[in-house]
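Descriptive analysis of the structure
As a plain string of letters, each chain reads:
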Amino acid sequence: MSLLPGTAVRSPYREYILIKLKLEHLKTPKFMTTDALFEKLKHPNPHMRDRAMYEIADSRDENTIPRLVSILDDEDVVYRRAAVKVLGAIGEDAVPSVVDALLNSENVTVRGSAAKALAQIAINYPDLPFPEVGLQGLKAAINDANPVVHIAAVMALGQMGSSAFEILVESLKTTDNVAVQVAIVNALASVGDRRCVEVLTTFANDEAVDSYVRESATSSLSRLDLVMNYKRAE
């Protein structure tokens, strides 16, 4: 997933942005400093932010990832979300630092943003196996006491396809948190794995399960069918 020169792996969205950058290069200062690029992440124009995001990712050094992680508690929501997207563009190289923030930060905003950054990495690199350290970090974050974090962790796992199936199912069966159960059955629909059918059907029909979870499982079965049909059509 590295974006270092010569790397062949690229996400479609990232390719799209890079093409735009080449077409619009005359509009951007040729030698913009790193500080100037980070300032552009606050720009009100989303296209300007996107250009800065991918320039930062492509020109990064050993200080880039720590600097981005440090922004995850920034009060400026636009700036914080832009940092999440840049970490997503960087990919696998960012995972260890993001997981460390997810599990060890005392700031709930940082932990929630870290989970979202891991989701962005999965979205940007859907054809690559997600690093095990990231999967295990998200598994641990499901037990975070704050709903901002544990719901974000479940949603992130839902972006990771079959590699997250066992983690989601284990958590579904062991948690007594109804909100987490509902989030997991919704995430299973996004996973698109045929094994999810049996799990969701079991929970939809189990009268010992909370009624809201059963209803959510029933709805997720319909969405799962759409997801699987879409994947077959690709």
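Residues numbered from 1 in each chain as written. Predicted model: local features only at pLDDT ≥ 70, side-chain atom pairs only at ≥ 80, totals over all residues. Heavy atoms only, no water.

Focus: helix α11 (residues 178-191)
Three or four residues apart is the spacing at which side chains of an α-helix point the same way, because the helix has 3.6 residues per turn. Cut-off, in case you're wondering: Numbering of helices and strands starts at the N terminus; helices are DSSP runs of H or I of at least 4 residues and strands are runs of E of at least 2. Expected helix span is taken as 1.5 Å per residue step, with the number of steps being one fewer than the number of residues. Each residue's exposure class comes from its accessible area (1.4 Å probe, protein chains only) as a fraction of the maximum for that residue type: buried when under 20%, exposed when over 50%, partly exposed otherwise. For the purposes of these results, a polar contact is taken to be a pair of N or O atoms within 3.5 Å, where, inside protein, one atom must be able to donate a hydrogen and its partner to accept one; residues adjacent in sequence count only when each atom of the pair is a side-chain atom.
With 14 residues, α11 extends 20 Å from end C-alpha to end C-alpha; this agrees with the ideal 20 Å at 1.5 Å per step. By the criterion of burial, α11 is predominantly enclosed, with ten of the 14 residues buried. Within α11, the full set of buried residues consists of V180, Q181, V182, A183, I184, V185, A187, L188, A189 and V191. The backbone nitrogen of A179 has a side-chain oxygen 2.9 Å away, supplied by the residue at the start of α11, namely N177. At the C-terminal side of α11, G192 shows a positive phi close to 75°.

Section: the side chain of S171
What counts, and what does not: Residues count as neighbours in contact if any of their non-hydrogen atoms are within 4.5 Å of one another.
Relative to the elements of secondary structure, S171 occurs in helix α10 (residues 165-174). Ignoring sequence-local partners within four residues, the contact set of S171 consists of I142 and I184.

As for the pattern of salt bridges
Rules: The term salt bridge refers to a side-chain nitrogen of Lys or Arg lying within 4 Å of a carboxyl oxygen of Asp or Glu.
For the coordinates displayed, the defined rule picks out seven salt bridges. The partner of D144 in a salt bridge is R111, with the nearest N and O atoms 2.7 Å apart. Here the residue D144 occupies a position in the loop between α8 (132-141) and α9 (147-157), and R111 occupies one in helix α7 (residues 108-124), the gap between them amounting to 33 residues. Its relative accessible area of 15% is what places D144 among the buried residues. You can call R111 buried: its relative accessible area is 12%. The shortest N-O distance in the salt bridge between R195 and D193 comes to 2.8 Å. With relative accessibility at 9%, the residue D193 sits in the buried group.

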